[in-house]
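Notes for the structure review
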Amino acid sequence: MNELSRLARDYCALIESADETDIGWLRQLSSLLPQLHAAVTALGAPPRSADYFTPDLDERFERFARLRRLIGHRDAYWMEFDVAPDEQGMSGSLADDLTDIYCELKHGLHLLEDRREPERAFDDWCCGYQDHWGQHLLDAERHLYELANRNQL
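Residues numbered from 1 in each chain as written. Predicted model: local features only at pLDDT ≥ 70, side-chain atom pairs only at ≥ 80, totals over all residues. Heavy atoms only, no water.

**Quick notes on unusual backbone geometry**
Operational definition: Here a strand is any run of E in DSSP of at least two residues, a helix any run of H or I of at least four, and the numbering for each starts at the N terminus. For the exposure calls, accessible area comes from a 1.4 Å probe over protein chains only, and a residue counts as buried if that area is under 20% of its type's maximum, exposed if over 50%, partly exposed in between.
One non-glycine residue with positive phi stands out, namely Asn151, at about 55°. Positionally, Asn151 belongs in the segment after helix 5 (118-149). According to the relative accessible area criterion, Asn151 is exposed, its value standing at 72%.

Pasting the structure below:
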């Protein structure tokens, strides 16, 4: 559990400090995401059903818009069900993936800081991973892998 909370802190700090002058933060993310993935799956199945976490939508949109601007042309990617022959049909967004992961992890970190319900942070991370942000994590890992293979990181 300590490993997951450390990785969550590292992830959130990296997203918060992302800078457009140095895209190196994306390279760091491509190494951090698999570790995060391993740590959350090591916790096993969630112990209860999720109390679905809803982020502050204004705050979420601001973070998304900032990340999308920073990522630029690297943001959009093809999803398996996309069929349009032009880039307008790309429905995947790295900024969206990273934002949703960030919101879920930050929520858990706030619960850990509160110290009244530390178990709830891990329960919420497990449930949220299974129900929502796990797919974003997989999509982000896959897209960053493709960007690295095309020397765009």
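Moving on from the model shown.
**Things to note about the packing of helix 1 (residues 2-17) against helix 4 (residues 94-114)**
What counts here: Between N-to-C directions, angles cover 0 to 180 degrees, with each direction set by a line fitted to C-alpha atoms, over the stretch in contact for helices. Comment on the angle field: the value is read as roughly parallel under 35 degrees, roughly antiparallel over 145, roughly perpendicular from 65 to 115, and oblique elsewhere. Crossings are assigned a handedness: left-handed for a near helix turned anticlockwise from the far helix by less than a right angle, right-handed for a clockwise turn. Pairs of residues are marked as contacts when any of their non-hydrogen atoms sit within 4.5 Å. Three classes are used, and their members are as follows: Ala, Val, Leu, Ile, Met, Phe, Trp, Tyr, Cys and Pro are nonpolar, Asp, Glu, Lys and Arg are charged, and the others, Gly among them, are polar.
For the pair helix 1 and helix 4, interaxial distance at closest approach is 9 Å and the crossing angle is 125°. Here helix 1 is positioned oblique relative to helix 4, judged by the angle of their axes. As for how helix 1 packs across helix 4, the hand of that crossing is left-handed. Every residue of helix 4 that contacts helix 1 at Ser5, Ala8, Arg9, Tyr11, Cys12, Ile15 and Glu16 is listed here: Leu98, Ile101, Tyr102, Leu105, Lys106, Leu109 and Leu112. Looking at side-chain class alone, the contact of helix 1 with helix 4 contains 10 nonpolar, 1 polar and 3 charged residues.

**Section: the confidence of the model for the chain**
Note the following rule: As a per-residue quantity, pLDDT reports the predictor's confidence and falls between 0 and 100.
Model confidence for the chain is summarised by a mean pLDDT of 87, while 88% of its residues fall at 70 or above. Ranking the elements of the chain by mean pLDDT puts strand 1 (residues 76-77) last, at 90, and helix 1 first, at 96.

**A look at the packing of aromatic side chains**
How we decide: Pairing of aromatic side chains requires ring centres within 6.5 Å, counting the rings of Phe and Tyr and the six-membered ring of Trp. Pairs whose planes differ by under 30 degrees are stacked, by over 60 edge-to-face, and all others tilted. Geometrically, a charge over a ring is one whose NZ (Lys) or CZ (Arg) sits within 6 Å of the ring centre while staying within 35 degrees of the ring normal.
Enumeration over the complete set of coordinates arrives at 3 aromatic pairs. With a centroid separation of 6.2 Å and 45° between ring planes, the pair formed by Phe61 and Phe64 is classed as tilted. With a gap of 3 residues between them, Phe61 and Phe64 both fall in helix 3 (residues 57-71), about one helical turn apart. The exposure class assigned to Phe61 is exposed, which follows from its relative accessible area of 53%. Ring geometry for Tyr129 against Trp133: centres 5.3 Å apart, planes inclined by 75°, an arrangement best described as edge-to-face. Highlighted residues: Tyr129 and Trp133, both in helix 5, separated by 4 residues, approximately one helical turn. Accessibility assignment for this pair places Tyr129 and Trp133 in one class, buried. Across from the ring centre of Tyr102, 4.2 Å away, lies the NZ or CZ of Arg63, which sits over that ring.

**Structural notes on the environment of Leu4**
With respect to the secondary-structure elements, Leu4 resides in helix 1. Assessed through its relative accessible area of 2%, Leu4 is described here as buried. A sequence separation of 32 residues divides Leu4 from Leu36, and the C-alpha atoms of the two residues are 6.6 Å apart.

**A few points about helix 2 (residues 24-42)**
Test applied: One less than the number of residues in a helix, times 1.5 Å, gives the span that helix is expected to have. Values of bend correspond, residue by residue, to the angle between axes fitted over the seven residues ending at that residue and the seven starting there.
Over its 19 residues, helix 2 extends 28 Å from the first C-alpha to the last, a length consistent with the 27 Å expected when each residue adds 1.5 Å. If you look at helix 2, its biggest bend is around 25°, right at Ser31, and the proline Pro34 turns up within four residues after that. Tucked into the core, helix 2 has its buried residues touching helix 1, helix 3, helix 4 and helix 5. Phi turns positive one or two residues past the end of helix 2, at Gly44, with a value near 85°.

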